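# A look at the structure
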Amino acid sequence: MRDYLLTLCVTAAVTYLLTGPVRKFAIATGAMPEIRARDVHREPTPRLGGIAMFFGLCTGLLVADHLQNLSSVFELSNEPRALLSGAALIWLIGVLDDKFELDALIKLGAQMISAGVMVAQGLTILWLPIPGVGVVSLTPGQGTLLTVALVVVTINAVNFVDGLDGLAAGMVCIAAAAFFLYAYRLWYGYTIEAAAPATLFTAILMGMCLGFLPHNMHPARIFMGDSGSMLIGLILAASAISITGQVDPDALKIFEGSTRQATHAALPVFIPLVLPLTIIAIPMADLILAIVRRTWKGQSPFAADRGHLHHRLLEIGHSHSRAVLIMYFWSALIAFGTLAYSVHSASMWIVLGITVLSGIGLVLLLLPRFTPRAPRWAQSVVPPRYRRRKPAPVPEAAASGDADEDPMSSEERVPVPAGLHGATAIGNRGRFTDRRKAGTPS
C-alpha cells in the first residue's frame, strides 16, 4: 500500500506542476475554441490539459517500475506496456482534436485502434464469469470485440460527462478509488497477482485526476479537453479489462462445489468484475440517454446538445458548484455502494444505508424546487437565498408615466469577447461594450 500511495502522490504532483506550463502552451498555440451554444463557461478557456495528465501517467509508470514491490508487475505482465501504447495513441488524437476539432468518426476510429493495440499486446478479456453458467472462455475474436466495445463505450461515457468544471476528473477519481480498493483486496487479500496491474492503473489514474482538479475546479483555468477525457476513460476501461479478463474466478477458492455453483454463489463478489458499468453508472446513463434523445430527434448520436444530466441540473436551479457536487455524491454512492455490497452482500445494513443515502440524494437533487422561506423573525440570521424578497419601490415619475426613458438603462449590456488570449490576456479587459448609442457625443 505504501508503494501505491507513493506512486499516486508522485503522479499527482507531476500532473499538478505541469498543468500551469501546459496552460501557457495552450494559450500560445491558440488551443482556445470559441464559446459554443452548449457551453456553460463565459470566457474562452484553454484546453490541452490532457498533456499534463499523460506525462503524469508516464511518470507514475516509471516510478512504479523502480519500486521493489511493484516492479514485478512489469516483469510478470505486459499489460503496463500495452496500456501505455494505447494511451499514447488516444492521447495524440485527443491533442489534435483539441487544436483542430477532428471529425467524430475519426475519433471513433482512433478509439477502436487504441483498443486493438492493447489487445495485440495481451490486454484483453479472456473469460467471463456468468451466473448460472460458470466461467465462459472466449475465443480470440469474441474477446477482441468485447474489449474494443468496452473501451469505446467507457471513453465516450467519460467524454460525454465532461461538461462542467471538475466534473469528469472528479467522477473518474471516485470510480478509480472504488476500483482500486476492490483490486487491492483481490491482490492483497487473496494473493492474486493477476489483479496487481489493475491496482496500479487505478492508483495512477487517481493521481492524474487529483493533480489536475485544482486547476479545473470552478472557475476552471484550463480544460482537460478530449486529450484528457479520452485518456482517463481508456485507463479506466483498461483497469476493468485487466481485472475482468485476467483474474481466474477459481483462484478465489472461497466456495465449495462445482464451477457453476461457485460462480452463482459468488455473484456479489463478481459484480464489479463483470463490467465496470456499475462504477461509471452515471456517465453511462448520460451516454445512453444522449444517444436515444438525438436519434429520436433524427440527429446524429455524435451531435452536441444541452440535454446532458449536468445541463438539466443547471436548468433545475442548481449552481455550477452544487451541480458538480451532486454528481459526485451519486457517483460515490453507486461506486462505493457496489463495492460494499460485493464485500458483505448478506448485511442488511448496507442495503439500508444505500437506501437512506439515495433518499438524501433525491432531496438534494430537488432542493431548488422546494426552497423554503424563513419566517420574519429569522430573516437576519439565515442566508440571503432563504429570506423573503421585498418588492422593489416604484419611482413616482415612472408610476405617473411622465419620465423620459433613459436610453442608457434600456439597452442590454453585451459581453465583449476576451480577445486573442481569452481569459488569460495580459492587461485590462473591458467586460462590456460602450453603451452610448451611435451618433452621441463622446
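Residues numbered from 1 in each chain as written. Predicted model: local features only at pLDDT ≥ 70, side-chain atom pairs only at ≥ 80, totals over all residues. Heavy atoms only, no water.

What follows is about the overall build of the protein. Tallying secondary structure elements over the protein gives 17 helices and two strands in all. Expressed as a percentage of its 442 residues, the buried residues of the protein come to 45%. Counting contacts in the protein only where the partners sit at least 6 residues apart, residues at least 24 apart contribute 73% of the total. In the form shown here, the protein has an accessible surface area of approximately 22,400 Å², with 64% of it arising from carbon and sulfur atoms. (Helix = DSSP H or I, 4+ residues; strand = E, 2+ residues; numbered from the N terminus. Buried < 20%, exposed > 50% of the residue type's maximum accessible area, 1.4 Å probe, protein only. Contact = heavy atoms within 4.5 Å. Areas by Shrake-Rupley, 256 points an atom, 1.4 Å probe, with all protein chains shown as cover.)

Here we come to the side chain of Asn159. Relative to the helices and strands, Asn159 is located in helix H6 (residues 140-161). If we skip the residues at most four places from it in the chain, Asn159 touches Asp226 and Ser229.

This paragraph deals with the side chain of Ser71. For Ser71, the position within the fold is in helix H3 (residues 71-76). Overall, Ser71 belongs to the buried group, its relative accessible area being 16%. Those residues within four positions of Ser71 in sequence are excluded, and the remaining contacts are Ala64 and Asp65.

This part takes up the environment of Gly166. Within the secondary structure layout, Gly166 lies in the loop between H6 and helix H7 (167-189). As a C-alpha pair, Gly166 and Ala220 span 54 residues in sequence and 7.6 Å in three-dimensional space. Leaving out residues up to four positions away in the same chain, Gly166 has contacts with Leu213, Asn216, Met217, Val324 and Tyr328.

Time to look at the pattern of salt bridges. Per the stated rule, a full pass over the model turns up four salt bridges. Where Asp98 meets Arg47, a salt bridge forms, and the shortest distance between an N and an O atom there is 4.0 Å. With Asp98 in helix H4 (residues 79-100) and Arg47 in the loop between helix H1 (2-28) and helix H2 (49-65), the pair connects residues that are 51 residues apart, well separated along the chain. Each member of the pair, Asp98 as well as Arg47, carries the same accessibility label: buried. In this structure, Arg47 engages Glu101 in a salt bridge whose closest nitrogen and oxygen atoms are separated by 3.2 Å. In this pair, Arg47 sits in the loop between H1 and H2 while Glu101 sits in the loop between H4 and helix H5 (104-120), placing the two residues 54 residues apart along the sequence. The exposure class of Arg47 is buried, given its relative accessible area of 9%. (Salt bridge = Lys/Arg side-chain N within 4 Å of Asp/Glu carboxyl O.)

Glancing now at a nonpolar patch on the surface. Together, Trp349, Leu352, Val356, Leu357, Ile360 and Leu364 give the surface a local cluster of nonpolar side chains, amounting to about 590 Å² of exposed area. Given a relative accessible area of 39%, Ile360 falls into the partly exposed group. (Patch = residues over 30% accessible without salt bridge, like charges linked within 9 Å, V, L, I, M, F, W, Y side chains within 5 Å.)

So, about unusual backbone geometry. The omega torsion of the bond from His218 to Pro219 falls at -5°, within 30 degrees of zero and hence cis. Mapping Pro219 onto the fold places it in the loop between helix H8 (196-216) and helix H9 (225-245). You will see that Leu48, though not glycine, has its phi angle at about 65°, which is positive. Inspection of the secondary structure assignment puts Leu48 in the loop between H1 and H2. With relative accessibility at 3%, the residue Leu48 sits in the buried group. Positioned with a positive phi, Glu101 is a non-glycine residue whose angle comes to about 55°.

Here the focus is the environment of Thr202. The topology assignment puts Thr202 in helix H8. The exposure class assigned to Thr202 is buried, which follows from its relative accessible area of 1%. C-alpha separation for the pair Thr202 and Ile232, spaced 30 residues apart in sequence, amounts to 10.0 Å. Look past the residues within four positions of Thr202 in its chain and what remains in contact with it is Ala176, Phe179, Phe180 and Ser239.

Along the chain, Ala31 turns up in the loop between H1 and H2. On the basis of relative accessible area, Ala31 is assigned to the buried category, the value being 0%.

A word on the packing of H2 against H4. Running from amino to carboxyl end, H2 crosses H4 at an angle of 170°, the nearest separation of the two axes being 11 Å. Classed by the angle they form, the pair H2 and H4 counts as roughly antiparallel. Note that H2 runs across H4; the crossing there is left-handed. Side by side, H2 and H4 meet where Gly50, Ile51, Phe54, Leu57, Cys58 and Leu61 of the first sit next to Pro80, Leu84, Ala87, Ala88, Trp91 and Val95 of the second. (Axes fitted to C-alpha atoms, helices over the stretch in contact; angles between N-to-C directions. Parallel < 35°, antiparallel > 145°, perpendicular 65-115°, else oblique. Left-handed = near helix turned anticlockwise from the far one by under 90°.)

Another point: H8. In this model H8 runs 30 Å from its N-terminal to its C-terminal C-alpha over 21 residues, within 8% of the 30 Å that 1.5 Å per residue would give. Summarising burial for H8: 19 of the 21 residues are buried, a large majority. (Expected span 1.5 Å × (residues − 1).)

Under the defined criterion, the tally for this structure stands at nine aromatic pairs. A ring pair is formed by Tyr4 and Tyr184, whose centres lie 6.1 Å apart and whose planes are at 90°; its orientation type is edge-to-face. Of the two residues, Tyr4 sits in helix H1 while Tyr184 sits in helix H7, which places them 180 residues apart along the sequence. On the accessibility criterion, Tyr4 (2% relative accessible area) is buried. Relative to Tyr184, the ring of Phe180 has its centre 5.9 Å away and its plane inclined at 20°; by these criteria the two rings are stacked. Of this pair, Phe180 and Tyr184 both sit in helix H7, four residues apart, which is roughly one turn of the helix. Looking at Phe180, the relative accessible area reads 6%, which means it is buried. Taken together, the aromatic side chains of Tyr4, Phe180, Tyr184 and Trp187 make up a single cluster linked through ring pairs. (Phe/Tyr/Trp six-rings, centres within 6.5 Å; stacked < 30°, edge-to-face > 60°.)

The subject of this paragraph is the nonpolar core. Formed by 87 residues in total, the largest nonpolar core has its most connected members in Tyr4, Leu57 and Leu200. Tallying contributions element by element places H7 first for this core, with 17 residues. (Core = buried A, V, L, I, M, F, W, Y, C linked by side-chain atoms within 4.5 Å.)

This part covers the confidence of the model for the protein. Within the protein, residue pLDDT values average 77, and 68% of them lie at 70 or more. In the model, residues 398-442 has pLDDT below 50 throughout and makes 38 contacts with residues more than four positions away in sequence or in other chains. (pLDDT = per-residue confidence, 0-100.)

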